[in-house]
Amino acid sequence: MSDSRHYEFLVQKKADIEDQLNEYSEILVREKNIGMTGELIDKEGYPRSDIDIYKVRLARQQINRLKNDYNALLVEIEKELINIHSKFKEENKPGEFIEKTIPLSNEKIIEHKPFAKITQIDSKSPSAEAELEIGDEIIQFGPFTHLNTQKSLAEIGDHVRKSENKIVLVKIQRNEAGSDNKKKIIAKLVPKQWHGHGLLGCKIVPIE
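Residues numbered from 1 in each chain as written. Predicted model: local features only at pLDDT ≥ 70, side-chain atom pairs only at ≥ 80, totals over all residues. Heavy atoms only, no water.

Quick look at the sheet that holds strand S5 (residues 202-206) now. One open sheet holds the 5 strands; their spatial order is S4-S3-S2-S1-S5, and the pairing between them is antiparallel. Strands with a single pairing partner mark the edges of an open sheet, and in this sheet they are strand S4 (182-189) and S5. Pairwise comparison of adjacent strand axes, ignoring direction, gives a mean angle of 35° for this sheet. Pairing geometry for strand S1 (residues 116-121) and S5, over 5 bridges, is antiparallel. Opposite Gln120, over in S5, you have Lys203 as the bridge partner. (Pairing = 2+ DSSP bridges. Helix = DSSP H or I, 4+ residues; strand = E, 2+ residues; numbered from the N terminus. Axes fitted to C-alpha atoms, helices over the stretch in contact; angles between N-to-C directions.)

This part is about the side chain of Glu155. If you trace the backbone, Glu155 turns up in helix H4 (residues 154-162). Of the buried charged residues, Glu155 lacks a salt bridge, with Lys67 as the closest side chain of opposite charge at 8.8 Å. Among the polar contacts listed, one links the side chain of Glu155 to the side chain of Gln150, at a separation of 3.1 Å. (Buried < 20%, exposed > 50% of the residue type's maximum accessible area, 1.4 Å probe, protein only. Lys, Arg positive; Asp, Glu negative; His and termini not counted. Salt bridge = Lys/Arg side-chain N within 4 Å of Asp/Glu carboxyl O. Polar contact = N/O pair within 3.5 Å; in protein donor to acceptor, adjacent residues only side chain to side chain.)

The next thing to look at is the environment of Ala59. The residue Ala59 is located in helix H2 (residues 53-86) in this model. Residue classification places Ala59 among the buried positions, given a relative accessible area of 1%. Measuring from C-alpha to C-alpha, the distance between Ala59 and Gly35 comes to 9.6 Å, with 24 residues separating the pair along the chain. Dropping the residues within four chain positions of it, Ala59 is found in contact with Tyr24, Ile27 and Leu28. (Contact = heavy atoms within 4.5 Å.)

Everything listed here is a matter of coordinates, which is why it stays silent on function.
Given below as C-alpha cells:
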C-alpha cells in the first residue's frame, strides 16, 4: 500500500471511530445527559430508575475503549504525515506550510472544531519560525483534537515536552485578510530550547 493510500485508510478509520464516539455520546445525552461521570445511584443509594443503567455503563465502556484506539490512531496518522512530508523534495524548515503537498482529500468528511487559539507569539521563537500567527485557531496539535483534549490543555504541554527537537504537525484555521473566509493550514512546529521562555515561544489558550 502506497503512503498516500495508507494515509487515506487511516483517515477513514479515524472517521469511523469518530462516528462511533458520537453514537455512544448520544446515548448518554438521551439518558438524562448523564455524561461520563454522572451518578448511577440516587440519594438513597439505590440504582436510578430514570435511566437505563445498562446502556449507560455500556456506552461509557465503549467510549473509553474508542478514545484509547482514537489516541493511538492519531499518533499513527501524525507519523504517517511526517513520513509523507519527508519524501517531498522541499527545503526542510520548520515553518514551511504543506497544505498543498499533502493528499488531504478525505479530511472534508471530518469536521474538527478549533479547541485553542494562539494569543501571543514571541519574536524569533520556534512558533515564529513555524510562521504561526496571533489569532490562529488550533484544530489539531500533534495527535490532539477537541475530542481528546481537556480545557486545561495539559495534554498539549506534555506532548510539547516529549517532542523537543522533533517535528509536531499543527493544523490551524486562519482568517484570510480582507475576507470572512478561513483557510486551513498544516504547519511544522519544532519545540526546542531558545533564548526565550518555554519550548514554543507562544501563548495558547482554550476556546470556550
